[in-house]
Amino acid sequence: MSASAPVRPGGRVTEGERPPHGPRLRARGLAGGVLLLVGALLLPLSLVAMWARAELTETDSYVAAVAPLAGNAAVQEAVVDDVTAGVMAHVRLDGLLKAVPRAERPAVRRHFTRGIRQFVAQQVRQVVTGSGFPAVWNGVHRTAHRTLDGRLAASGRSAVTLDLTPVVERVKRQLSHNGMGLDILRRVPRAGVEIVLLKGPDVPRIRAVYEVVRTGALLLPPVAALCLTGGLLLARRRRRALIGTGLACAAAAGLLAAALALVRSRTLDALPAMVSRPAAGAYADALTGPLRTGVWLVIGAGTLTAVLAAAGPPALRALRERRLAARTGAGAGP
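About the criteria used
- Residues numbered from 1 in each chain as written.
- Predicted model: local features only at pLDDT ≥ 70, side-chain atom pairs only at ≥ 80, totals over all residues.
- Heavy atoms only, no water.
- 1 Å grid on protein atoms, 1.4 Å probe; cavity = no way out; pocket = protein on both sides within 12 Å on 5 of 7 lines; lining within 4 Å.
- Points joined across faces, edges and corners; volume = space filled by probe spheres on them.
- Helix = DSSP H or I, 4+ residues; strand = E, 2+ residues; numbered from the N terminus.
- Nonpolar A, V, L, I, M, F, W, Y, C, P; charged D, E, K, R; others polar.
- Core = buried A, V, L, I, M, F, W, Y, C linked by side-chain atoms within 4.5 Å.
- Buried < 20%, exposed > 50% of the residue type's maximum accessible area, 1.4 Å probe, protein only.
- Contact = heavy atoms within 4.5 Å.
- Axes fitted to C-alpha atoms, helices over the stretch in contact; angles between N-to-C directions.
- Parallel < 35°, antiparallel > 145°, perpendicular 65-115°, else oblique.
- Left-handed = near helix turned anticlockwise from the far one by under 90°.
- Phe/Tyr/Trp six-rings, centres within 6.5 Å; stacked < 30°, edge-to-face > 60°.
- Salt bridge = Lys/Arg side-chain N within 4 Å of Asp/Glu carboxyl O.
- Arc of directions from axis to C-beta.
- Expected span 1.5 Å × (residues − 1).
- Polar contact = N/O pair within 3.5 Å; in protein donor to acceptor, adjacent residues only side chain to side chain.

(A) Structural view of the layout of surface pockets. For the second largest pocket, the calculated volume is near 160 Å³. Lining the second largest pocket, in full, are G29, G32, G33, L36, A235, R236, R237, R240 and A241. Put simply, the parts of the chain that give the lining of the second largest pocket at least two residues each are α1 (21–57) and α9 (238–269). The greatest single-element share of the lining of the second largest pocket, amounting to 4 residues, is contributed by α1. Tallied by class, residues from the lining of the second largest pocket come to 3 nonpolar, 3 polar and 3 charged.

Right under this line is the structure:
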């Protein structure tokens, strides 16, 4: 008992002179709890910001994410359809139909168009499923991502496209080597087969998101780490705080995983009918793969931290008791 504290005859400290540690401890515990909650909420947001920054600004990271899609059957079929449609848009049969009676021209046009489309699709499919397609695929996406990065870093409203003309050039070389002698693909202009990834009017909005993501990726991770560290240091009961922090981080990451699944489903449902759902789903899974891995790592680490913190002291006590019992038994032996 402090020598400066007044004492009643019964030996108790007077209420008015009790050291004012209670309110301070409560305030400290409350501040620690708030910091831990904020840190747990900022942790999944930090993961999203770092993932988005890497996908938007790091070309090598983006190309590495989409490279496996070159061997995905749904993506290959979507490329075949897009390239074939782009080629067929430049095929003209008017010269061939001049000798056909006018009444028969619609049927003959459909017949010729169907046959040419099947032929072109077959040639494109051979290129897309060939051994050289992954290199073409990576080059196409590298060019598209560099264009996107330039659009976001500068001003303007120019669209961002995925130029599939290198695939057409491969098909042209294949036709020239196998002696087919058809001049269909020569009619396709140099930039005639493109897929619009980002429309011009949407560029300013994505640019604003890009600036927020860049700032968030720099600020959110250290702020989350500081909040979690400060909260644990201020906590009155460290073990209980550690258990709650681990569970809160795991729960926040679980909510992010559910949100990602919901956004994926809603986005695929909102796509136009002409877009292949399996191919779009494969794209979404490839791009969000690193983010989903990070989310599950946080869930696992948070859960493991909570379990170890909850089982730590009892397990240590049991271990000490076993060691003490073993020493006692050894000392009592003959």
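(B) Spatial organisation of the nonpolar core. Counting 34 residues, the largest nonpolar core has V83, V124, W137 and V167 as the members making the most contacts within it. When sequence neighbours within four positions are dropped, the list of residues in contact with V124 reads V80, V83, T84, V167 and V171. Judged by nonpolar contacts, the second largest core, of 13 residues, contains L36, L228, A253 and V295.

(C) Quick peek at the packing of helix α2 (residues 59–66) against helix α6 (residues 133–153). Following both chains from N to C, one finds α2 and α6 inclined at 140°, their axes separated by 9 Å at the closest point. Here α2 is positioned oblique relative to α6, judged by the angle of their axes. Our pair here, α2 against α6, has a crossing hand that is right-handed. The segment α2 lies against α6, with T59, D60, Y62, V63 and V66 engaging W137, N138, H141, R142, H145 and R146. Classifying every residue of the contact of α2 with α6 by side-chain character gives 4 nonpolar, 4 polar and 3 charged.

(D) Seen up close, the packing of aromatic side chains. Within this structure, the stated rule accounts for 2 aromatic pairs. Centre to centre, the rings of F133 and W137 are 5.8 Å apart; their planes meet at 50°, and the pair counts as tilted. Pair noted here: F133 and W137 are both in helix α6, with a separation of 4 residues, about one helical turn. Note on W137 and Y283: the rings are 6.1 Å apart at their centroids and 40° apart in plane angle, and the pair reads as tilted. A residue pair is termed long-range when its members are at least 10 positions apart, and W137 in helix α6 and Y283 in helix α10 (residues 277–332) qualify at 146 residues. The class for Y283 is partly exposed, based on a relative accessible area of 22%. A connected cluster of aromatic rings, assembled from ring pairs, spans F133, W137 and Y283.

(E) Quick peek at the pattern of salt bridges. Evaluation of the coordinates by the stated rule reveals 4 salt bridges. Note that E77 and R125 form a salt bridge whose closest N and O atoms lie 2.7 Å from each other. In this pair, E77 is assigned in helix α3 (residues 73–88) and R125 in helix α5 (residues 105–128), connecting sequence segments 48 residues apart. Classification of E77 as partly exposed rests on a relative accessible area of 33%.

(F) Highlighting α2. Within the sequence span of α2, burial applies to T59, Y62, V63, A65 and V66. In an axial view of α2, the angular spread of the buried residues amounts to 160°, which keeps them on one side of the axis. Those residues of α2 that are exposed and angled more than 90 degrees off the buried face are D60 and A64.

(G) Fine view of α3. When the terminal C-alpha atoms of α3 are compared, their 22 Å separation across 16 residues agrees well with the 22 Å that a helix rising 1.5 Å per residue should span. Buried within α3 are the following residues: V75, Q76, A78, V79, V80, V83, T84, G86, V87 and M88. Two to three positions downstream of the cap, the backbone nitrogen of A74 sits 3.0 Å from a side-chain oxygen, assigning the N-cap of α3 to N72.

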